[in-house]
Amino acid sequence: MAGLPYIVGNWKMNGTRAMLAEARAIDRAASRFPGVQVALAPPFTLVNAMREAASDIGVGGQDCHVQASGAFTGDVSAALLADAGADFVIVGHSERRALHGETNQLVRDKAEAAQAAGLGVILCVGETEAERDSGSAETVVTDQLAGSLPQGEEAAAKLSVAYEPVWAIGTGRVPSVGDVGAMHRAIREKLTATYGEAGAAVRILYGGSVNAGNASELLAADEVGGALVGGASLTAEAFTAIIGAA
Ligand code: PEP
């Protein structure tokens with residue numbers, strides 16, 4: 001496995017200030033597991049407050065604009081996220097690809113903008129159910145990677161890839177451990193073909209309905225270096241169980 005297991009919670013459009021209590025509890029739990037790297041991606045509105053409330057976890061954004069500043073009403077740049085205390089940003093989540101029409105090229109531009117601002121990047125890829133059923137899942141995912149992997153000298157050093165089958169997100173369904181391992185091996189091949197040796201150190205996370213009950217098995221699959229967790233990251237109790245499983 002490349003580096004410490006990396007367990008990242010994506011709070012999506014959830015998280016009032018009252019939920020900072022959960023973040024504090026997750027932070028305390030993370031300090032008890034020094035062999036696991038833990039991070040949370042709250043909504044933009046909580047990034048700074050969470051950074052100040054927690055010391056043992058990474059804090060990141062869920063998206064960023066490609067420009068550093070300017071007349072882009074409603075958008076948030078990587079530079080602004082960094083200024084708010086973020087360490088990383090998620091780009092290319094399937095909800096953004098599907099609901100905001102984000103293309104591979106746009107995702108790549110966002111990843112490069114984030115890295116230029118000093119942020120780590122978690123780049124999401126994953127196939128739909130129809131693509132899995134038609135046998136094209138691996139081609140779809142490696143094509144997404146070909147189009148959206150950031151380029152540049154430091155690109156691999158500040159990158160994680162999250163494999164998130166769209167049909168597994170928020171559904172309670174997960175692929176077999178064998179299918180997860182096969183996809184992660186295909187992703188590793190693409191990473192080493194793109195970045196050479198540096199591609200071997202990029203962590204590949206699994207995401208999609210990870211919970212306390214299935215985390216150990218999924219995290220033990222081939223080339224799985226951590227998990228990107230949605231629903232089960234919203235409470236300290238559920239998320240701590242996943243951290244413990246890593
Ligand atoms: C996600 O949206 O990144 C995710 C993995 O969600 P869930 O864990 O709720 O399936």
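As annotated in an unreviewed UniProt entry, the protein carries the name Triosephosphate isomerase and is attributed to Novosphingobium anseongense. UniProt's Subcellular location (unreviewed entry) comment on the protein is quoted here verbatim: "Cytoplasm". The UniProt entry for the protein carries the following text under Subunit (unreviewed entry): "Homodimer."

Engineer: How would you sum up the pairing of strand 3 (residues 58-61)? Please name residues and give values.
Structural biologist: Pairing geometry for strand 2 (residues 37-41) and strand 3, over two bridges, is parallel. Counted as the bridge partner of A39 is G58 from strand 3. Pairing between strand 3 and strand 4 (residues 88-91): two bridges, direction parallel. Bridge assignment links G61 to a residue of strand 4, and that residue is V89. Viewed along the sheet, the connection from strand 3 through helix 3 (residues 78-83) into strand 4 turns out right-handed.

Engineer: Explain the UniProt feature "binding site: substrate" (unreviewed entry) in the protein to me, and be specific about the residues and the numbers.
Structural biologist: Residues given the UniProt feature "binding site: substrate" (unreviewed entry) here are N10, W11, K12, G170, S209, G230 and G231. These annotated residues cover 222 residues of sequence, and their C-alpha atoms lie no more than 14.0 Å from one another, placing them together at a single site. Inspection of the secondary structure assignment puts W11 in the loop between strand 1 (6-10) and helix 1 (20-31). Look at W11 and you get buried, because 21 C-beta atoms sit within 10 Å. What W11 contacts, discounting residues up to four positions off in sequence, is L40, A41, P42, P43, S233 and L234. Under the C-beta neighbour-count criterion, K12 is labelled partly exposed, with 17 such atoms within 10 Å. Sequence-distant contacts of K12, defined by excluding residues within four places in its chain, comprise Q62 and G230.

Each value, and the rule that gives it
- Residues numbered from 1 in each chain as written.
- Predicted model: local features only at pLDDT ≥ 70, side-chain atom pairs only at ≥ 80, totals over all residues.
- UniProt positions renumbered as here; feature names shortened; annotations may be inferred.
- Pairing = 2+ DSSP bridges.
- Helix = DSSP H or I, 4+ residues; strand = E, 2+ residues; numbered from the N terminus.
- Right-handed = clockwise from strand over helix to strand, strands pointing away.
- Buried ≥ 20, exposed ≤ 12 C-beta atoms within 10 Å, placed from the backbone.
- Contact = placed C-beta atoms within 7 Å.

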